[in-house]
Amino acid sequence: MTGRTRPAGIAIALLALTILLSSCGLDNRLVIGTQTYSEAKILAEMYKALIEDRTDLKAKVLPDLAASGIVINSMKKNELQIATLYTGEIFNNHFPVVETKQRDEVLKQAQEGFDQYFDFTWFDPLGFENTYAFTVRSDLAEERGYQKISDVQKDAGTLRLGVDTTWLERGLDGYKGFQDEYGFRFGKEFPMEQSLVYEAVANKQVDIVLAYSTDSRLKAYQLKTLQDDKQFFPPYDASTVVRNDVLEAHPDLKEVLGLLVGTLDEKTMIDLNYEVDVEKKSEREVAVNYLKRVGLLQ
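All figures in this text were calculated on a predicted structure; none of them were measured in a lab.

1. Topic: the sheet that holds strand β8 (residues 208-212)
No. 1: As summarised here, the arrangement of the 5 strands in space is β7-β6-β8-β5-β9, forming an open sheet in which the pairing is mixed. Lying at the two open borders of the sheet, with one neighbouring strand each, are β7 (188-191) and β9 (223-225). On average, each strand axis in the sheet is tilted by 35° relative to the strand beside it, whichever way the strands run.
No. 2: Both strand β5 (residues 132-137) and β9 contribute to a ladder of 3 bridges, which runs antiparallel. Counterpart to V136 in the pairing with β9 is K224.

2. As for the pattern of salt bridges
No. 1: Counting across every chain of the model gives 18 salt bridges.
No. 2: Its salt-bridge partner being K219, residue D271 comes within 3.2 Å of it at the nearest N-O pair. Of this pair, D271 sits in helix α12 (residues 266-277) while K219 is found in helix α9 (residues 217-220), placing the two residues 52 residues apart along the sequence.
No. 3: Connected through salt bridges with shared partners, the residues R103, E129 and D237 form a single ionic network.

3. Observations regarding the domain arrangement of the chain
Note: interface size is frequently given as the accessible area lost on complex formation between the parts.
No. 1: Taken as a whole, the chain is organised into domain 1 (29-130 + 235-294) and domain 2 (132-225).
No. 2: Computed over C-alpha atoms, the centres of domain 1 and domain 2 are 28 Å apart.
No. 3: Tallying the contact residues gives 12 residues for domain 1 and 8 residues for domain 2.
No. 4: When domain 1 packs against domain 2, close to 880 Å² is buried across both sides, 54% of that on carbon and sulfur atoms.
No. 5: For the domain 1 face of the interface with domain 2, the top three residues by lost area are N130, I270 and Y274, together amounting to 54%.

4. Here we look at the packing of aromatic side chains
No. 1: Following the criterion strictly, the structure yields 23 aromatic pairs and no others.
No. 2: Summarising the aromatic geometry, the rings of Y132 and Y212 are spaced 5.5 Å apart at their centres and angled 10° between planes, so their arrangement reads as stacked. Within this pair, whereas Y132 is found in strand β5, its partner Y212 is found in strand β8, the two being separated by 80 residues in sequence.
No. 3: Of the residues examined, Y132 reaches a relative accessible area of 13% and is grouped as buried.
No. 4: For the ring pair W167 and F233, a centre distance of 6.4 Å and an interplane angle of 45° mean the geometry is tilted. You can see W167 sitting in helix α6 (residues 165-169) and its partner F233 sitting in the loop between β9 and β10 (238-243), a full 66 residues away along the chain. Both residues of the pair, W167 and F233, count as buried.
No. 5: Joined through ring pairs, the aromatic side chains of Y132, F134, W167, Y175, F178, Y182, F184, F186, Y212, F232 and F233 make up one cluster.

5. Description of helix α4 (residues 103-118)
No. 1: In a regular helix each residue adds 1.5 Å, so 16 residues correspond to 22 Å; α4 covers 21 Å between its end C-alpha atoms and thus fits that length.
No. 2: Along α4, the residues that are buried comprise V106, L107, Q109, A110, G113, F114 and F118. Down the axis of α4, the smallest arc covering the buried residues is 160°, so these residues share one side. Those residues of α4 that are exposed and aimed more than 90 degrees away from the buried face are D104 and Q116.

6. Quick look at the packing of helix α2 (residues 38-54) against helix α13 (residues 283-293)
No. 1: Packing of α2 against α13 leaves a shortest axis separation of 8 Å and a crossing angle of 55°. Viewed along their axes, α2 and α13 adopt a mutual orientation that is oblique. The crossing of α2 and α13 is right-handed. Residue-level inspection shows S38, K41, I42, E45, M46, K48, A49 and L50 of α2 in contact with α13, the latter providing E283, R284, V286, A287, V288, Y290 and L291.

What counts and how
Residues numbered from 1 in each chain as written. Predicted model: local features only at pLDDT ≥ 70, side-chain atom pairs only at ≥ 80, totals over all residues. Heavy atoms only, no water. Pairing = 2+ DSSP bridges. Helix = DSSP H or I, 4+ residues; strand = E, 2+ residues; numbered from the N terminus. Axes fitted to C-alpha atoms, helices over the stretch in contact; angles between N-to-C directions. Salt bridge = Lys/Arg side-chain N within 4 Å of Asp/Glu carboxyl O. Domains from an automatic or database assignment. Contact = heavy atoms within 4.5 Å. Buried area = accessible area lost by both parts, 1.4 Å probe. Phe/Tyr/Trp six-rings, centres within 6.5 Å; stacked < 30°, edge-to-face > 60°. Buried < 20%, exposed > 50% of the residue type's maximum accessible area, 1.4 Å probe, protein only. Expected span 1.5 Å × (residues − 1). Arc of directions from axis to C-beta. Parallel < 35°, antiparallel > 145°, perpendicular 65-115°, else oblique. Left-handed = near helix turned anticlockwise from the far one by under 90°.

Below, the structure is given as structure tokens:
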């Protein structure tokens, strides 16, 4: 079977057009990276929904990246353009920092450092942090008047602590540092997998646990988070992070993503995580429904 060959000039023109169209497609399709937990995936779906509703851009969510370091390196390579990161990330040796637990100073270092060393824009916080939090059953908190960590000091010698093993072994921001800061230790420590602490305290196998402050299981097991009144744990405020070249190419993107700044408090994030983790809704459904409730989507 024979076929015709195209004249060289036409073939070259078609190739050039194909390359042009392909590059336009890449320029107009953003990749949003997430780690493995529901919170990051819900936020990514919010970014995607807002971007596609308010700009001509398309967005794809790439989930289940194992660690923040992988997210950052992928953004640096331009494999991702957008992600959610937490201000305490600055303490993971990305660039020189001044040790501090002052929230504003940690944020300032994150914004300046990631701009200087990675060419990323670190937005102002979304309105919540996801950090370590001491947690007790709500009935125990009500019975004994626990509102903040210092309140448990009077009973600490009789309390059983459930905690992941790594925190017990860490220095300045681990158990030793905690004892130095708060001036007490618990009666007995029970090391366990982080995922087991919530059920352990709910079932009264332990009295107090070190949890994550936006985990859906806080709601599922009706647990109360105690205020870190001495600011022992470094702040981990959640923020949207975007490559600078993407914002330069699409100036309207900064305003669109900025719509979420300051709009999500800790309780809201726990509730959204609960919808995914416990009620088994999709991250996309939860994200879109939230944006509609607060008037950011029609």
